[in-house]
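What the coordinates show
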Amino acid sequence: MLCCRNENLRMEIEQQNIDIASLSTSPPSVTRKRPNRYSDRFIPSREDGDLVSAFSLLETPRQSKPLPWLENCSDNIVSSCVLRLLNGASPASTLSNANHSRSERDNECSEEESVMNQEDRMEASYKHILKQELFGEWSGCVENSDSFASGNLSGVDWSSQDYSNGLNSTFGEVRYWKDWKPSNNSSKKLFRFKARSKSKSGVFPTSLSLEGLLSSGVNISTPTTTTTRKVIKSPYKVLDAPNLADDFYLNLVDWSCNNILAVGLDRAVYLWNALNSKVTKLCEVSSGDAICSVSWSPRGKELAVGTRCGEVHLYDISCLKNIRTWMGHTLRVGCLSWNDRLLASGSRDHSIRVRDWKSPSNQVMELSGHSQEVCGLKWSYDDKYLASGGNDNKLLIWNPSWSLSPVSRLDQHTAAVKAIAWSPHQSGLLCSGGGTADRCIRFWNVVSGTLLKTVDTGSQVCNIAWSKNVNEFVSTHGYSQNQIIVWKYPSLSKVTTLTGHTYRVLYLAVSPDNESIVTGAGDETLRFWNVFPGTKTKADTMESKSMLSSYRTCLR
């Protein structure tokens, strides 16, 4: 029986060779047109390797329904059919030849079916893989599957088909074959090379759940949109200020709550009304004296003026008259600071004098702690603490109602401390700036006396002022860049840097609405800038101010 089987296999192989030779002499086929497909077919080799073991690594394929006309065919007959189809033979002749060979085989050796049923597992696996990969899974092969089973192909119009593309055309585009779908064993897309479509960037699928996003590692944090506030980098108004002193230790500019700017020019004090741009001369000291400091009272009706001779004058703005004069300092009074009832003055004689400006008596509290000129002075917003900076590089914290000695001595600065400002947003937070050899702004907790933050500005720090609208502050600088910087707190990031002055920006004051600032320098100009946002956004206000940038007037 085995001899008979071998002889039959040999005869079938010879018959296949004859068929191939006859096919090779057929006229050349038309140029093949490959259809637009997104997968490749793979025919495994049966010579090497354990196909069962190799294929079992993949997902177990579903049992597909084989074609009726190949269901009982041997492997050699199937191979012959495949070769015929690949070389452009029509399915009709191929199927007829297959059925003829099958009937001859049934008649000659009826016992071979039992032998084929006992073939080794590899032969059966190869047959299954070959059919599965070639034909896929067919839910309803043709309109009349009985025609294929019986070999009757009259129900199919083969003449209307184009077989020049061989197997791909025959098994991919025959219009009488319906409901064809790929094999389910390709669920892992082993042979698919279609590129995955890219989703639009920044759009998350709405069908994904939160748990799915978290498990997949997708970053679902809210994207941070950095919105930088625009600051006009040119002043909206410029005033000429002749004889404005270029002296680091003086404080000659202050802005009242009634929107009146006070400026000390040489021996005189001038008032500029920001509402109508009217300039008024308040006073003028005697020859040999000079204005060294000006400061408005909290209610904006009184103005204190410090002079080179060590005197402090108090003026009533409503009548433009001097209502009080205090003596006591032996040298110039370079800084003044008010709280609700007390007026503090700092002098070059190293002392600080505190007076009750509402009291008719001349009672004075004298604070001694600096070894050089006092050039910076500022009361806290709760009127509890007084901070003083000196040319001795010291920053002292006072509580005059409790003691005449400083409660804290902060000596980290390495240059004169003129720039001092209390935060209106956090109680007990104080910032101070050092001179040319220091160039740093330091932030302090005055309750504990600890240093919180430090930032190196790269230039001499002349003034610091906080905004009451937002948690930002502005600093003005001298050597060597003469710039104005707006900072965010506590990040200490720069909002903007303004330039325009050609000398050190020694003077700074904030408008009553806390939106604008005015800066003064040794170039004898006063420049008005809009640097802070208002409590209510007014875009038209910024535009109107920017239109005045070219409008330049003289203060006197």
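Residues numbered from 1 in each chain as written. Predicted model: local features only at pLDDT ≥ 70, side-chain atom pairs only at ≥ 80, totals over all residues. Heavy atoms only, no water.

Side note on the packing of aromatic side chains
Taken as a whole, this structure holds 11 aromatic pairs when the rule is applied. A ring pair is formed by Y236 and F528, whose centres lie 6.1 Å apart and whose planes are at 50°; its orientation type is tilted. Of this pair, Y236 sits in the loop between helix 9 (210-216) and strand 3 (237-240) while F528 sits in strand 30 (residues 525-530), and the two are 292 residues apart along the sequence. Of the two residues, Y236 and F528, neither departs from the other in class, the shared state being buried. Consider the rings of W272 and F528, whose centres lie 5.1 Å apart with planes at 45°: the pair is tilted. On the criterion of sequence distance, the pair formed by W272 in strand 6 (residues 268-273) and F528 in strand 30 is long-range, its members being 256 residues apart. Residue classification places W272 among the buried residues on the basis of a relative accessible area of 4%. Directly above the ring of F248 sits K418, whose terminal nitrogen or CZ lies 5.4 Å from the centroid. (Phe/Tyr/Trp six-rings, centres within 6.5 Å; stacked < 30°, edge-to-face > 60°. Helix = DSSP H or I, 4+ residues; strand = E, 2+ residues; numbered from the N terminus. Buried < 20%, exposed > 50% of the residue type's maximum accessible area, 1.4 Å probe, protein only. Lys NZ or Arg CZ within 6 Å of the ring centre and 35° of its normal.)

Some points on the environment of V474
Take V474: it is sitting in strand 25 (residues 472-477). Spatially, the C-alpha atoms of V474 and I484 are 7.1 Å apart, while their sequence positions differ by 10 residues. Those residues in contact with V474, other than ones at most four positions away along the chain, are N463, I464, A465, I484, I485, V486, L508, I517 and F532. (Contact = heavy atoms within 4.5 Å.)

Side note on the pattern of salt bridges
On inspection of all chains with the given rule, the structure shows 13 salt bridges. For the salt bridge of E472 with R229, the shortest nitrogen-to-oxygen distance reads 2.4 Å. One end of the pair, E472, is in strand 25; the other, R229, is in the loop between helix 9 and strand 3, and 243 residues separate them in sequence. Ionic pairing is found between R504 and D246, a salt bridge with its closest N-O pair at 3.3 Å. Placement of the pair is R504 in the loop between strand 27 (494-498) and strand 28 (505-510) and D246 in the loop between strand 3 and strand 4 (253-255), with a sequence separation of 258 residues. Exposure remark for R504: the relative accessible area of 12% places this residue in the buried category. Note on D246: relative accessible area 35%, which makes it partly exposed. Several salt bridges converge on common partners, so that one network encompasses D247, R332, R348 and E373. (Salt bridge = Lys/Arg side-chain N within 4 Å of Asp/Glu carboxyl O.)

Some words on the sheet that holds strand 22 (residues 440-445)
Overall, antiparallel pairing links the four strands, which are arranged 20-21-22-23 in an open sheet. Looking at strand neighbours, the two that pair on one side only are strand 20 (417-422) and strand 23 (450-456), the edges of this open sheet. Ignoring which end each strand starts from, the neighbouring axes of this sheet average 20° apart. Here strand 20 runs beside strand 21 (residues 429-434); their pairing, made up of five bridges, is antiparallel. Paired with A419 across the two strands is G433, which belongs to strand 21. (Pairing = 2+ DSSP bridges. Axes fitted to C-alpha atoms, helices over the stretch in contact; angles between N-to-C directions.)

Describing the side chain of D254
Mapped onto the fold, D254 is located in strand 4. Look at D254: it is buried, it has no salt bridge, and the nearest opposite charge is K378 at 6.8 Å. One polar contact links the side chain of D254 to the main-chain amide nitrogen of W296, over a distance of 2.7 Å. When sequence neighbours within four positions are dropped, the list of residues in contact with D254 reads I260, L261, A262, V294, S295, W296 and A509. (Lys, Arg positive; Asp, Glu negative; His and termini not counted. Polar contact = N/O pair within 3.5 Å; in protein donor to acceptor, adjacent residues only side chain to side chain.)

As for the nonpolar core
In this structure, L261, L303 and L526 are the most contacted members of the largest nonpolar core, which totals 39 residues. The set of elements that each furnish at least two residues to this core consists of strand 4, strand 5 (260-265), strand 6, strand 7 (279-284), strand 8 (291-296), strand 9 (302-307), strand 28 and strand 30. Contact partners of L303, with chain neighbours within four places excluded, come to A262, V269, L271, L282, V294, S295, W296, H313, L314, Y315 and I317. Listed in part, the 15 residues of the second largest apolar core include L429, I441, V455 and I464. (Core = buried A, V, L, I, M, F, W, Y, C linked by side-chain atoms within 4.5 Å.)

Notes on the UniProt feature "repeat: WD" (unreviewed entry) in the protein chain
As recorded in UniProt, the feature "repeat: WD" (unreviewed entry) lies at residues 367-399 and 498-539. Here residues 367-399 is 0% helix and 52% strand, with 10 Å between the C-alpha atoms at its ends. (UniProt positions renumbered as here; feature names shortened; annotations may be inferred.)

Things to note about unusual backbone geometry
For residues that are not glycine, phi is negative in most cases, and the peptide bond is trans in most cases. Of note, the bond from Y479 into S480 is cis; its omega dihedral lies within 30 degrees of zero at 10°. Position of S480 relative to the elements: it lies in the loop between strand 25 and strand 26 (484-488). Each neighbour pair has its own omega, and for Y489 with P490 the value is 10°, a cis peptide bond. Tracing the sequence through the fold places P490 in the loop between strand 26 and strand 27. The backbone of N482 sits at a positive phi, close to 55°, despite the residue not being glycine. Here N482 shows up in the loop between strand 25 and strand 26. Under the relative-accessibility criterion, N482 is labelled buried at 15%.

A closer look at the sheet that holds strand 8
Overall, antiparallel pairing links the four strands, which are arranged 8-9-10-11 in an open sheet. Edge positions in the sheet fall to strand 8 and strand 11 (321-326), since each of these pairs with one other strand and no more. Looking at each pair of strands side by side, their axes are set apart by 25° on average, direction ignored. Sheet topology note: the strand 9/strand 10 (residues 312-316) ladder contains five bridges and is antiparallel. Considered in strand 10, the bridge of G306 is made with V312.

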